[in-house]
Every structure is written in C-alpha cells, then in structure tokens.
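Chains, contacts and geometry: an overview
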Amino acid sequence: MNHRPTLISFCLAAMLVAMLWLEQEYIASESASVPDTIFPALIPRNVEEISLNSPSCQTLIKKGMHGWHMVYLRGGRQVIEDFADDFLVECLLNDLAGLSAALPPRHVDKGLGEAWQEYGLGLWAQARGDSLQVRYGKLQHTLYFGTETTQKSPLVLFYARRDEEEKVLAVDAKIHAWLTNSRDNPDFWRSRQVFHLGAKALPRAIVWQSGASPQVTLRAERQGWFLYGTGNEANEAEPAAPDVANRLVDWLRALRIQEFVYPEDTSAAERDLRNAWLFGYHSEQDQEYVAIAPVKNASHLAARVYFSGDQRRIAYYYLLPATTVKVLQDMAGHVRDLRLLRFAPQAVRRIEQSGKEGWKLERNESGWSVTSPSSRAVKGEEVHSFLVRLANIEAVAVAAGDAVRPALTQSLVLTLNEAPHTIHIAWAETPDPQGLWPVLVSPYKRLLLLNTEVRQILVASYLDFYDKRVDAFVFADVAALRAERPGRVYEAVKDGETWRLLKPVAAPAEQTHLEEILRCCAWIMAYGVLGEGEEARRAFACGDAAYRLQVRTRATQERLAIERTIEIGRVMDEKYYALWVSGFPFVYKVDRKLKDAMDAELYSCQPLLAADAWRAASEIVVRRRERQLRYADGVWREQDGEPSNKGEKLWQLLPRLRIAHMAEFTSAVLPEREADMAIRVNDKSGEHVLWLWRERDQLIGTWPSSGQRFVLENDAAAVLWQETE
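Quick word on the overall build of the protein
Counting secondary structure elements, the protein contains 16 helices and 46 strands. Relative to its full complement of 725 residues, the protein shows a buried share of 44%. Taking contacts inside the protein between residues at least 6 apart in sequence as the whole, the part at least 24 apart equals 57%. Total accessible area computed for the protein in this model is approximately 38,900 Å², and 50% of it derives from carbon and sulfur atoms.

Structural notes on the sheet that holds strand 30 (residues 488-495)
In space, the nine strands of this open sheet follow the order 32-31-30-29-35-36-37-38-34, with antiparallel pairing throughout. Either end of the sheet is taken by a strand with one partner, and the two such strands are strand 32 (507-508) and strand 34 (528-532). Strand direction decides the pairing type here: strand 31 (residues 498-503) and strand 32, joined by two bridges, are antiparallel. Bridge assignment links L501 to a residue of strand 32, and that residue is A507. Here helix 11 (residues 511-522) sits on the sheet in contact with strand 29 (478-485), strand 30, strand 31, strand 35 (547-553) and strand 36 (563-571), set at roughly 95 degrees to strand 31.

Quick notes on the environment of M677
Take M677: it is sitting in strand 43 (residues 677-683). A sequence separation of 53 residues divides M677 from R624, and the C-alpha atoms of the two residues are 4.7 Å apart. For M677, the residues in contact, after removing those within four places along its chain, are V622, R623, R624, L690, W691, L692, L720, W721 and T724.

Here we look at the pairing of strand 17 (residues 300-308)
Pairing geometry for strand 16 (residues 287-294) and strand 17, over six bridges, is antiparallel. In the strand pairing of strand 17, P294 is matched with H300. Pairing of strand 17 with strand 18 (residues 311-320), which is carried by eight bridges, proceeds in the antiparallel orientation. Each residue of the ladder has a partner; that of V305, found in strand 18, is I314. Here strand 17 folds back onto strand 18 in antiparallel fashion, the turn holding two residues, of which G309 has a positive phi close to 70 degrees.

A short note on the packing of helix 6 (residues 242-254) against helix 8 (residues 324-333)
At their nearest, the axes of helix 6 and helix 8 sit 10 Å apart, and the two run at 155 degrees to each other. Overall, the two elements helix 6 and helix 8 adopt an arrangement that is roughly antiparallel. With respect to the hand of their crossing, helix 6 and helix 8 are arranged in left-handed fashion. Each of V244, R247, L248 and W251 in helix 6 lies in contact with helix 8, whose residues at this interface are T324, V327, L328, D330 and M331.

Things to note about helix 8
The set of residues buried in helix 8 consists of T324, V325, L328, M331 and A332. Buried residues of helix 8 fall within an arc of 135 degrees about the axis and therefore sit on the same side. Facing away from the buried side of helix 8 by over 90 degrees, the exposed positions are K326 and G333.

Digging into the packing of aromatic side chains
Overall, the coordinates contain 17 aromatic pairs when judged by the stated rule. Measuring from centroid to centroid gives 6.0 Å for Y316 and Y318, while their planes differ by 50 degrees, and the two rings are tilted. With centroids separated by 5.3 Å and ring planes inclined at 85 degrees, the aromatic side chains of F386 and F465 adopt a geometry described as edge-to-face. Residue F386 is located in helix 9 (residues 380-391), and its partner F465 is located in the loop between helix 10 (452-458) and strand 28 (469-471); the two are separated by 79 residues in the primary sequence. Classification of F386 as buried rests on a relative accessible area of 0%. Here F465 falls in the buried class, since its relative accessible area comes to 1%. Here the aromatic residues F195, W251, F279 and Y281 are joined through ring pairs into a cluster of three or more.

Focus: the sheet that holds strand 23 (residues 397-398)
The nine strands are arranged 22-21-20-19-24-25-26-27-23 in an open sheet whose pairing can be described as antiparallel. With one partner strand each, in any of the chains shown, strand 22 (376-377) and strand 23 form the two edges of the open sheet.

Observations concerning the side chain of T324
Within the secondary structure layout, T324 lies in helix 8. A polar side-chain atom of T324 sits 2.7 Å from the main-chain carbonyl oxygen of P321. Residues in contact with T324, not counting those within four places in the same chain, are W251, L255, I292 and H300.

Side note on the packing of helix 2 (residues 86-97) against helix 5 (residues 173-184)
Packed helices, taken two at a time, are described by the angle their axes make and the gap between the axes. Viewed as axis vectors pointing N to C, helix 2 and helix 5 meet at an angle of 145 degrees, and their least axial separation amounts to 10 Å. Where helix 2 crosses over helix 5, the handedness of that crossing is left-handed. For the pair helix 2 and helix 5, contact is made by L88, C91, L92, D95 and L96 and by K174, I175 and W178, respectively.

Focus: the pairing of strand 6 (residues 130-136)
Most of strand 6 is tucked away, with five of its seven residues classed as buried. By the bridge criterion, seven bridges tie strand 6 to strand 7 (residues 139-145) in an arrangement that is antiparallel. Bridge pairing in strand 7 places D130 opposite F145.

Focus on the pattern of salt bridges
For the coordinates displayed, the defined rule picks out 33 salt bridges. Across the pair E601 and R488 runs a salt bridge, and its minimum N-O distance is 3.4 Å. Taken together, the residues span a long stretch of sequence, with E601 in the loop between helix 13 (593-599) and helix 14 (611-616) and R488 in strand 30 at a distance of 113 residues. Residues E601 and R488 agree in their burial class; the two are buried. When salt bridges that share partners are traced, they join R482, E484, E491 and K503 into one network.

Observations regarding the environment of T430
Inspection of the secondary structure assignment puts T430 in the loop between strand 25 (422-427) and strand 26 (437-442). As a C-alpha pair, T430 and T409 span 21 residues in sequence and 10.0 Å in three-dimensional space. Residues within four places of T430 in sequence aside, it is in contact with W437 and P438.

Focus on the environment of S442
Summarising the element assignment, S442 is placed in strand 26. Here S442 is in contact with I423 and H424, once residues within four sequence places are set aside.

What about unusual backbone geometry?
A cis amide bond links S372 with the next residue in sequence, P373, at an omega value of 10 degrees. Tracing the backbone shows P373 in the loop between strand 21 (367-372) and strand 22. Positive phi, normally seen in glycine, also occurs at A541, with a value near 60 degrees. Turning to its location among the elements, A541 is positioned in the loop between helix 12 (533-539) and strand 35. Overall, the relative accessible area of 33% leaves A541 in the partly exposed class.

Here's the deal with helix 2
Over its twelve residues, helix 2 extends 16 Å from the first C-alpha to the last, a length consistent with the 16 Å expected when each residue adds 1.5 Å. All of the buried residues along helix 2 are L88, V89, L92, L93, D95 and L96. Take helix 2 and look down its axis: the buried residues cluster within an arc of 160 degrees, on one side only. Sitting at the amino-terminal end of helix 2 is D85, which places a side-chain oxygen 2.9 Å from the backbone nitrogen of F87.

Section: the confidence of the model for the protein
Summary statistics for the protein give a mean pLDDT of 82 and a share of 85% for residues scoring 70 or more. For the protein, per-element mean pLDDT is lowest for helix 4 (residues 125-128), which scores 46, and highest for strand 35, which scores 95. Scored below 50 in pLDDT, residues 25-34 shows zero contacts in the model against residues more than four places distant or in partner chains. Contacts for the low-pLDDT stretch residues 122-127, under 50 throughout, to residues beyond four places or in other chains number nine contacts.

Scoring rules and cut-offs
- Residues numbered from 1 in each chain as written.
- Predicted model: local features only at pLDDT ≥ 70, side-chain atom pairs only at ≥ 80, totals over all residues.
- Heavy atoms only, no water.
- Helix = DSSP H or I, 4+ residues; strand = E, 2+ residues; numbered from the N terminus.
- Buried < 20%, exposed > 50% of the residue type's maximum accessible area, 1.4 Å probe, protein only.
- Contact = heavy atoms within 4.5 Å.
- Areas by Shrake-Rupley, 256 points an atom, 1.4 Å probe, with all protein chains shown as cover.
- Pairing = 2+ DSSP bridges.
- Axes fitted to C-alpha atoms, helices over the stretch in contact; angles between N-to-C directions.
- Parallel < 35°, antiparallel > 145°, perpendicular 65-115°, else oblique.
- Left-handed = near helix turned anticlockwise from the far one by under 90°.
- Arc of directions from axis to C-beta.
- Phe/Tyr/Trp six-rings, centres within 6.5 Å; stacked < 30°, edge-to-face > 60°.
- Polar contact = N/O pair within 3.5 Å; in protein donor to acceptor, adjacent residues only side chain to side chain.
- Salt bridge = Lys/Arg side-chain N within 4 Å of Asp/Glu carboxyl O.
- Expected span 1.5 Å × (residues − 1).
- pLDDT = per-residue confidence, 0-100.

This is how it looks when you write it as structure tokens:
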C-alpha cells in the first residue's frame, strides 16, 4: 500500500495551517503597534484651515493659492493679517497627524459639569478654555483643552476632549504648547520672509526707488533681464547684468524680518519711510513692496507697502538687519550690464568692419572665409575665438546721459540668425580726455567707455583670422643649417646624433644652443599675421634681415628633403618681431625667443686640444717675443737647443687652456708678428696654429685660418703668460 500521497497531503495541510497562524500573529502585532490616533483620517496636505482659540484671542490659519495665511483676532477684532510661516504650520500638522492618547480614553460616567471640572476642563470647555479646530475636506474636528492637573502619575499630562465625545483624553504636552505660544505671542505664526516669492517662481519685474530719484524697473523678458528708467537715450530698455539680476532675485527670496515692531507714533514712522528706499516686485498674480529707512539702533525700519490708486499705504512695520540697504545699494549699483555685447557666437553668420581698412567675413556650408578685401578661406577656430573675445568685452562704465558723443567713424556689424538680427558697434578714432574709448552699441543705443586693451579686439584685422601655425620642418629630420647674425656666420652639420661646426671654424657645436634654435622655428605658433606676399616681406624688412636661418632636412621614407629660409625682420615692440618663412605666404608676428636663441654662442667652449692630443703631438712650438720653446723627439728645448726645465710645467698648462667665450669675428688674417704669443702644434691631422695677445687683463686668441677670435679662461692663461716670460 502506497502512503506517499497521503503523507504529502498531510505535510501541505500542516504548512498551510502554520502560514495562516503566522499571518494572523503578524497582523495582530502590527495592529498592536499602530497607535490609536486622535485624528485618524487627518492627512497634513489635505488640511485647509486651523483655528487656535483662547478666551482672549484667536488665530486663524488658512491655506491659499500662495501658501498659508494667518489672521490674529483679539476680542473678535482683527489685529494682524499676514503670511503664515509655512514651516511652523507644517510642524503643527505633523504633530496633529501623529497625536494619540497617552493613556486609554476615560469615559465620563457622571454628570458632565462634575466630570469636566475633575479633569481641569472647566464647566464648558468650548467656552472658557483653549481649543484647537482643524478642517480637512468635509471633516472638521475640535479639541478642547483644559489646564494641567496634578495626578499621581509621574508624567505631566494634559487633558482634552474631542468634539462632543463624552470621554477624557490625556494628550502630549507639546500640543498644548502650540496654543500657549499662539496666545502669548501675536507674531508667533507670522512669516519672517519679507517677500513671499516661491522658490521656483520668477518675478516679472523688480522695482526700486531711492528717495525722490526716478524709479528703476528690472524686467524679465524673453531675451533676458532689461532695465528701464535709467536715464539712457530716449529712456529705452537697457540690458541688465544677468548674474547680478539673478543675485537680486535670490536676495529677494532670502531677506528675513529681524523683529516685528508697533510704533507708538505711526505718523512719525510713516514720515521716516516717505523718502526711504522703496523696493519690491510684481509677478502675474502678486505684487509686494517694502519701504526701508535706517534708524538709530543700527537696524533698518521697514514697512510692508500697498498702493491704493497712486497713494502709498502701510500695512505693518518691522526691523531689518543693518546691512540691508548697503546690500541693496550695492546690487542696484551694479545691475547695469557692462558687457559690451551678449550674443551666441555660433549664431553669427557675417562680420563686417568698416573704417580705414574695412573687411568682411562670411560663413557658408564649407566654413568661414574672407570675402573682402581679398578672398581666402580662414580658420573657423580663429573666427570663433574672436567672437568669444568680443562677447566677453567688459566696459569700464556707461557714459552719462548728458555725455557729449564724439564722432564715431569706425564700426563693426554682426549679422545673426536670431533676434536681434544685427548688432552695430561704432567707436571713435581717438579716446576721450580720460583715455577711454566711447563705443555706441545698438539696438540699445548705449554709450559705453572701453579701455585701450579691450578696444584692440574691435580693431582686429582680417589677417588675424588666417592660420598662425607654421610647421616649417620636422625637427628630427634636420641635417644641416646656416645661421647668420650680426658679426657671426655659422654652418653646422649633424653627424649621427652630434652637431659639429664647419664655420667659422671646424669644431664641436654647442648642442643645447643649436637645438634651441631649431625648436624655436620648427613649430611656430605666431601671435598674428602681419601681411601677405613679397610686398609684406619688404615692408617688414625681412628681405634685408640681419638674422637669417637656412635649414636643410634629409629625406626619409615618409618625407622628402626640404630647404627653408627663415628671416627675422622688423621689431614690432620689445617683445615681438616680424618673421618670414619660405614656402609660406604670410609675414608672422612672433616673440623674441628665436632671436635670443640665435644670439647665443654656437661654438662649444671646450679645451683648445684634448690632453691626449697635446701628448701625441710630434712638435709643439711656443714663441713669446724673442724667446721660443720647442718640443720634439720627446724633449723640450730652448731656442739655442739647450734642454728647458719649463717643459713639465707646459705639459700641465697647455691641456688646461679653455675658451671662456667667443669674441668678434673678422675675415682679415692678422700677420703673425702682431701676435704676442704663437703656438704651433703638429700631429697626424696636420698643423694647428694659435695666436694670442694681451688686452687689458684678458688673453685673446684666434685661429688665423678662420679669423674667429675668443677669450681664454683666466686661470691657466695667466700662468702660461707668466711661465713664458
């Protein structure tokens, strides 16, 4: 007999019973943990009205379109009507939603009067004690409070009665504290925000007026923020600085009341505020204004203002922090936009400059190009960079409304794809007496004052948009060069990884200086284009350059051999020079790094001959005046053939002779008789001749074959001079 199906059915039934039992236990435990709230159906967001009542006063808090509103009444008469503090109201609602009885409710089983009196609720709680009424949806509940009683419980309990129910509730003391604060402080529920603009709402206009001065309006429009009433030409709209305007809106939201006040002499207070700052805003539905005036106690007296026709009325008074007017003055003083232009660079499709050297740039499907005075494609990056610099120009000031307008003879016109479709900028050729440049900007007809530095952006040349990158040659491919500068001509070749000089003398080259020259001209990023073609080359004196470089590269698998001639022309200022590179159409403006590199000495100031070369020499002749020392066959001898005891000293001195630095170069070969000392060295490579003479305290040397002169280091030269006396 198979019992397996029966066993499986029994196990399933047992598991089902266990699950049902656990579920019932869970529901029971959850039910036990949920408190028995006094207002079980209250949801804070659904509450529409709260009333806090005491025998002497009443506070009504109602929800409106723009938040919570409060009315404070005393003896049935309205005393205060104002915005309520949203945070306090939300805290009260959360407390009410979670309010539960501290002890099980006690039903009244005796006479009503005796029962209410026993729990401190008075004979008729709704008439003589405190009460709280809350309305949400179609429900309305009232909670009547009594006074604190001294029961034997260690807890401090407050008693209440809900609606007309005949049972007494022990409730949390903080609920009673809300009524106490409301009863003792008429300003308790009032919002301390000066303005009640929402966190995301944007005012349509912000208005301020200082005393009897004209009113200024900051208006938000589709194109941004604009100022009205600033006294500019024809009183037209003037762009406002968007960052300052946004800071002003944020400040408007953040301004807080320091203290509510009730002046004894309201007529005197109103007189104080008559010529004070008037500040406020209006949006589509609302408008709020305040009048602010400094007072002696380092705060500012302020009042909420409303208008009845053209008459200004005051709703109530309060104090603001002492810094309020200063902050307002500072922001109002900087809200005028000193940015010359505000436009999107990518929206520009044509740029036209008129004046002495007019030009025009246009953008088409293939990019930007110059259409006048010549026709050539230009770098879009350069045009974009120019437009960005133009859009970031800041003026020093806005000219006063009565400023004399100079003759504006030069202009720049931007054509855009969006409104405004054209922007005109006109400026004078000469600055005003203060050294500032008046610039008129349309369509807003503002006369701005620029300093000389930013004005240079306006007078840009079309040449500035050409490619300023000059890749003259590949540094690693250079095989030989010729460098000319005043008094020097060098020719060098690359032998493997080492450079050596061919002229002015065959010698090792100063590797660091030579490679610095190549680095400065292999990849040039110029600071501007000065001109185009041979005419510009002559105009900037590149053809007659005293500084000239000829570079020859070797052929590689990737590149053919090329030759470049680079000429440094006229000095533009102390930092920049004109530069021409063969194979490129322009004359460029470059810094002085290449010139400074070419001024450096390319001869490597090494010993005249290595120590081994002196030792390996077959003959050395040192002549000084009428005296001569000669080394041959391993022996030093005097002129008469006698062995000399100075030989060992000369072996120590000659390898130490080093060039300190190169001197001038001359093509004239000096006669040997003019030299104060002559040294001849014969070795396997041939004869080396060195002539020396004394000038002041220096020993000057030259190779007669080249005319190159140099100055020897003093230490060994001075000893040599002394030893050959």
